[in-house]
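# Geometric and topological summary
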Amino acid sequence: MSKHLKIYFSLLQEAIIPYIPTLITQLTQKLLAVSKNPSKPHFNHYMFEAICLSIRITCKANPAAVVNFEEALFLVFTEILQNDVQEFIPYVFQVMSLLLETHKNDIPSSYMALFPHLLQPVLWERTGNIPALVRLLQAFLERGSNTIASAAADKIPGLLGVFQKLIASKANDHQGFYLLNSIIEHMPPESVDQYRKQIFILLFQRLQNSKTTKFIKSFLVFINLYCIKYGALALQEIFDGIQPKMFGMVLEKIIIPEIQKVSGNVEKKICAVGITKLLTECPPMMDTEYTKLWTPLLQSLIGLFELPEDDTIPDEEHFIDIEDTPGYQTAFSQLAFAGKKEHDPVGQMVNNPKIHLAQSLHKLSTACPGRVPSMVSTSLNAECDTALKCIFLIG
């Protein structure tokens, strides 16, 4: 029934809007009934899909209608959460994310009342909850970062505690980075100032103790996003504040040799813009011992633009540690119609990262006459030199 209902919704789209209030009433009644005995996983899944599709169709035409869905669904969701219906909880979090992301203004108080409960360790012990919980916390950060900073600042350590737990797991470390990236992108800088150094220390501890390709890729995206958000000099200073000359070590041992492993168009763009800032907006790269790394860093950036992605993974990484998946757990099932749109955090700042590189290098050349052409001509290999000339033509 629910599968057929989802198909009808998909085909009819706006034509069914007048009937959705009645359908949602029936769906919530059915949801409450089956939550007492959730024994039909396919039926349950398509029931939640139908709810998500109803929200999408209606709120696309009338965003204010999100309030009506919240009134219809929140009582049932509360009962599911209070009764700890494990099979339904990941679905509830996905629907709530979709609803929260539909809001355009400040985060409603009904959501803020839930926020502290989402940080409770018991919820994060179940692996099936993790993707949906991270998505929901990201929605909180995107819509309500100022509210969290002002009215729930005491919960920021709990938020970072969730991040710490996730990055300790080889299975879930990428989810930890999703959360961390949202914190860095959306939270007011002053609200996380006191935690920044400890965040980097935790990441370096994980790198030292258990470095994997997946972790390296996520780490590269994070440090470049941090560079974009706080500035290249701030990134250099926080590295060297942890340990002298650490900035150079990170460039030489991680960024330059590993950047080719980054995958995904948005992820590559973040890295390209971040590295461009390191090359052109970080004074220590021009007049200290770090200057010797300027050309290799430029070369690695041109490689990111021009060369195929390095998708090699060591043999020992083709499995998940047994301790990461203890016992039987409810699996996470992604709702297609609750899917999150791809987000580009530098979209408004930079459209084409190649043009951005050309313009930034030109600006640096003007500020440091003769330096850039000299470093390029003496150290850049022929292939990269040719590629750079093409980039300048584009720019």
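Throughout what follows, the structure given in this document is the object of discussion. By convention here, each chain's residues receive numbers from 1 onward along its written sequence. The predicted nature of this model means local features are confined to residues of pLDDT at least 70 and side-chain atom pairs, given and counted, to a pLDDT of 80 or more, with totals for whole chains, interfaces and linings taken over all residues. Side-chain figures throughout are based on the complete set of non-hydrogen atoms in the structure, without hydrogens or water.

On to the environment of Q260, then. If you trace the backbone, Q260 turns up in the loop between α15 (246–258) and α16 (265–280). On the basis of relative accessible area, Q260 is assigned to the buried category, the value being 15%. In the structure, Q260 is positioned 44 residues away from L304 in sequence and 5.5 Å away in space, judged by C-alpha atoms. Contacts are assigned to residue pairs that have any heavy atoms within 4.5 Å of one another. What Q260 contacts, discounting residues up to four positions off in sequence, is S300, G303, L304, L307, P308, E309 and D310. There is a polar contact of 3.4 Å between the side chain of Q260 and the backbone nitrogen of L304. Under this definition, polar contacts are N or O atom pairs within 3.5 Å; protein pairs additionally need one hydrogen-donor-capable and one acceptor-capable atom, and for neighbouring residues in sequence, both atoms have to be side-chain atoms. Polar contacts involving the side chain of Q260 include one to the main-chain carbonyl oxygen of L307, which spans 3.3 Å. A run of DSSP states H or I qualifies as a helix once it reaches four residues; a run of E qualifies as a strand once it reaches two. Both are numbered from the N-terminal end. Accessible area is worked out with a 1.4 Å probe on protein chains only. A residue is then buried under 20% of its type maximum, exposed over 50%, and partly exposed in between.

A word on the pattern of salt bridges. By convention in these notes, a salt bridge is any Lys or Arg side-chain nitrogen within 4 Å of a carboxyl oxygen on Asp or Glu. By the definition in use, this model includes 14 salt bridges. R135 is the partner of E101 in a salt bridge, and the nearest nitrogen-oxygen pair spans 2.8 Å. Linking E101 in helix α5 (residues 89–102) with R135 in helix α8 (residues 130–151), this pair joins segments that are 34 residues apart in sequence. With a relative accessible area of 15%, E101 lands in the buried category.

The next subject is the environment of T386. If you trace the backbone, T386 turns up in helix α21 (residues 382–394). Spatially, the C-alpha atoms of T386 and I255 are 22 Å apart, while their sequence positions differ by 131 residues.

What follows concerns α5. In an α-helix, one full turn covers 3.6 residues, which means residues spaced three or four apart are oriented alike. Here a helix's expected span is defined as the number of its residues, less one, multiplied by 1.5 Å. Helix length check: α5 (14 residues) gives 20 Å between terminal C-alpha atoms against 20 Å at 1.5 Å per residue, within 8%. Counting buried residues along α5, 14 of its 14 residues qualify, which places the element largely inside the surrounding structure.

Our focus in this paragraph is the environment of G241. Position of G241 among the secondary structure elements: in helix α14 (residues 232–242). Separated by 180 residues in the primary sequence, G241 and A61 have C-alpha atoms spaced 51 Å apart.

Turning our attention to the layout of surface pockets. A water-sized probe, rolled over the atoms, reveals where empty space remains. As a volume, the largest pocket reaches approximately 850 Å³. Lining the largest pocket are 33 residues, with Q138, H174, Y178, N181 and E267 positioned closest to its centre. For the lining of the largest pocket, the secondary-structure elements that each account for two or more residues are α8, α10 (173–186), α13 (213–230) and α16. The leading source of residues in the lining of the largest pocket is α10, at 8 residues. Residue polarity is assigned by list, with Asp, Glu, Lys and Arg as charged and Ala, Val, Leu, Ile, Met, Phe, Trp, Tyr, Cys and Pro as nonpolar; anything else, Gly included, falls into the polar class. Here the lining of the largest pocket is composed, by residue class, of 12 nonpolar, 12 polar and 9 charged. The computed volume of the second largest pocket comes to approximately 570 Å³. Buriedness of a pocket was judged along seven lines, with at least five required to meet protein on both sides within 12 Å; pockets are open sets of points on a 1 Å grid over the protein atoms alone, cavities are sets where a 1.4 Å probe fits but cannot get out, and lining residues have an atom within 4 Å of a point. Lining the second largest pocket are 18 residues, and of these R56, E101, T102, K104 and K341 sit closest to its centre. Grid points are joined across faces, edges and corners, and a volume is the space filled by probe spheres set on the points.

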